[in-house]
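Descriptive structure summary
Residue strings, one per chain:
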Amino acid sequence: MIKKTALKKWIAGAAIAALTAGLALPAEAKQETYSASKAAYKGTSIADAPLLASKSRRVSKGKNAGDDVRGPADPSYKMDVVYDAKTHKLTGKMNVSFKNNVKDNLSELYFNLWGRADVFKDKGGSMDVSDIRVNGKKASFQVKDTALHISNLSLAKNKAATVTMNFNVSFPKQQDRFGWYGDTVSMGNWFPILSVYDEEGWNVDPYFNAGESFYSLSGKYDVKVTTDRKQVIAATGTEQGKPAVDGELATHHYKAENVRDFAMEMNPTYKILSSKVHGVKVNVYYDDKYAKYAASLMESGKDSIKLFSEKFGKYPWPELDVVSMEGWFGGMEYPQLVMISLSENRTQEWVKSVNAHEIGHQWFYGIIGDNEFDEPWLDESFASYAAALYDNSLDQLNVPPLPESYYHVTSKVSDFTARGNAGINAYYYTIYDYGATTINDLRLEVGDDAFYKAMKDYFNEKKFGISTTKDFIAAMERSTGMDLTPFFREHRVFPSDQY
Ligand SMILES: [Zn+2]
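An unreviewed UniProt entry lists the chain under the name M1 family metallopeptidase, from Metabacillus sediminis.

Along the backbone of the chain there are 11 helices and 24 strands. In the chain, the proportion of contacts linking residues at least 24 apart, taken out of those at least 6 apart, comes to 73%. As displayed, the chain offers around 18,700 Å² of accessible surface, 50% of which is attributable to carbon and sulfur atoms.

Our next topic: the pairing of strand S3 (residues 109-112). Judged by which residues are buried, S3 turns out to be covered on both faces: Leu-109 and Phe-111 on one side and Tyr-110 and Asn-112 on the other are all buried. Both S3 and strand S7 (residues 147-151) contribute to a ladder of 4 bridges, which runs antiparallel. Bridged to Leu-109 within S7 is Ile-150.

Let us look at the pattern of salt bridges. Per the stated rule, a full pass over the model turns up 14 salt bridges. The partner of Arg-177 in a salt bridge is Glu-212, and the shortest N-O contact between them spans 3.2 Å. Of this pair, Arg-177 sits in the loop between strand S8 (160-170) and strand S9 (178-181) while Glu-212 sits in the loop between strand S13 (201-202) and strand S14 (219-228), and the two are 35 residues apart along the sequence. Pair check on accessibility: Arg-177 and Glu-212 agree, each one buried. Linking Asp-374 and Lys-412 is a salt bridge whose minimum nitrogen-to-oxygen distance equals 3.6 Å. Highlighted residues: Asp-374 in the loop between helix H5 (348-363) and helix H6 (377-391) and Lys-412 in the loop between H6 and helix H7 (413-417), separated in sequence by 38 residues. A residue is classified by how much of its surface remains accessible, and Asp-374, at 3% relative accessible area, is buried.

This brings us to a positive patch on the surface. Judged by side-chain charge, Lys-78, Lys-220, Lys-224 and Lys-255 come together as a positively charged surface patch. Following the sequence through the fold, Lys-78 ends up in strand S1 (residues 73-84).

Scanning all chains against the criterion turns up 42 aromatic pairs. Note on Tyr-407 and Phe-416: the rings are 5.5 Å apart at their centroids and 5° apart in plane angle, and the pair reads as stacked. The exposure classification of Tyr-407 matches that of Phe-416, with both residues buried. Looking at Arg-419, its charged tip hangs above the ring of Tyr-406, at a distance of 3.6 Å from the centre.

Now for the side chain of Thr-227. Take Thr-227: it is sitting in strand S14. Residue classification places Thr-227 among the buried positions, given a relative accessible area of 0%. A distance of 2.9 Å separates a polar side-chain atom of Thr-227 from the backbone oxygen of Tyr-83. Leave out the neighbours within four places in its chain, and Thr-227 touches Tyr-83, Ile-233, Glu-248, Leu-249, Ala-250 and Met-266.

Strand-to-strand pairing in sheets goes through backbone hydrogen bonds, with the strands running parallel or antiparallel. Read from one edge of the open sheet, 4 strands run S9-S10-S19-S15, paired in antiparallel fashion. Of all strands in the sheet, those with a lone pairing partner are S9 and strand S15 (232-235), marking the two edges. In this sheet, adjacent strand axes meet at a mean angle of 10° when their direction is disregarded. Two elements, S9 and strand S10 (residues 184-187), share 4 bridges in a ladder whose sense is antiparallel. The partner of Gly-179 across the bridge, within S10, is Ser-186.

This part is about the confidence of the model for the chain. Within the chain, residue pLDDT values average 89, and 86% of them lie at 70 or more. Confidence drops under a pLDDT of 50 for residues 60-67, and excluding neighbours within four residues, the segment shows 14 contacts in the predicted structure.

Quick notes on the rules
- Residues numbered from 1 in each chain as written.
- Predicted model: local features only at pLDDT ≥ 70, side-chain atom pairs only at ≥ 80, totals over all residues.
- Heavy atoms only, no water.
- Helix = DSSP H or I, 4+ residues; strand = E, 2+ residues; numbered from the N terminus.
- Contact = heavy atoms within 4.5 Å.
- Areas by Shrake-Rupley, 256 points an atom, 1.4 Å probe, with all protein chains shown as cover.
- Buried < 20%, exposed > 50% of the residue type's maximum accessible area, 1.4 Å probe, protein only.
- Pairing = 2+ DSSP bridges.
- Salt bridge = Lys/Arg side-chain N within 4 Å of Asp/Glu carboxyl O.
- Patch = residues over 30% accessible without salt bridge, like charges linked within 9 Å, V, L, I, M, F, W, Y side chains within 5 Å.
- Lys, Arg positive; Asp, Glu negative; His and termini not counted.
- Charge placed at Lys NZ, Arg CZ, Asp CG, Glu CD.
- Phe/Tyr/Trp six-rings, centres within 6.5 Å; stacked < 30°, edge-to-face > 60°.
- Lys NZ or Arg CZ within 6 Å of the ring centre and 35° of its normal.
- Polar contact = N/O pair within 3.5 Å; in protein donor to acceptor, adjacent residues only side chain to side chain.
- Axes fitted to C-alpha atoms, helices over the stretch in contact; angles between N-to-C directions.
- pLDDT = per-residue confidence, 0-100.

What follows is the structure in structure tokens.
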């Protein structure tokens, strides 16, 4: 761990110098600065990342501002899809039921179609929907950018409703969380997912390539995937029995509960290393090229589950898949599945630390959800803290905030992207490094025992739900009995950034 931590101090200084003084660090050096830091889970090619996230977008306002309502509740997805590994296209049918807990005569619904993001288009990516029915009736709909709007509805409050649709996905040729290259297919954010309606209205923020703008509620998934029988598939949830083989095709059936998304990764050459920790089955998917990292992924996978279960709350699912791939980032998180981006020159320490960060997201994003566009720190700062805890390098979390006071730990993604590449660099620095420092400072402020007790209380309160900055502060104050307002204000954690 010495390499990284030793590096870290230097990084903070250099980054600040570059960001503040507008110092002419060549773009490459800047990138390296950031990618060498722990913040690099997302970015080794920040400069290439198109600035897709424009201003936060609200398509309609909640009628009663201040309503603490978030829905539609209890989404339950059933999907039956066919993936053609030769054309990299997928066709599917979806049936999603939920409860309208948000308002009387709910007249509209939104879904996010992330596969339509501009960053995928040039590489052949697309996502289309057709034949949408709500409670069996054909519905009128419109698709704009990554938002699907279904209108002219009248859904009764506190009643269940069902939406069915057909969808077609074309995976871009791109080494990304959504895309394919060589034999590997990464299926993150690959299906239409219900948007969240909250006190601000419907959330249909734009796709954010350098991070996340995902926001969804926990629910159930029942997914059948038919593809070439040779494919080895890692997926959220648990496979139900053996795949049904029919000629060259096989149909796999997965079920998952209390998850806010469903991801897959497939490659016919994957080998699987499996083990158990605390009753959780950990599977590492790797191919020959990266066999040398398999043991590190398993070791850090098991140790992370053990450590984070002890410190934050018990890992709640029966399984976790750690999949190796070659993305442009360091790693990416989905419920019960993490993508770890490997290359020949990665050190074992780097691989373990990135894995710990992504597994940290199982707690912060997976179990305790958040609006990743509005309050990215609620998952990234905490996952970075978790990785430092795993690395035994908490004492190295001591970077100062950026001199520009308009960058807050609680800033929205759009507050950063509005400032171009400097803003993206500031995003990584503020949300990952300074955010993790803030959490560590909080631990030092209240003391170890009180801090981890408060984190467990927070976990129990928010398990499978959604948290906000306000909720986090309230949970910490309630559990410790301390007034933490001055602490959070000093650390640029402002509940007012939420609105
Ligand atoms: Zn992360």
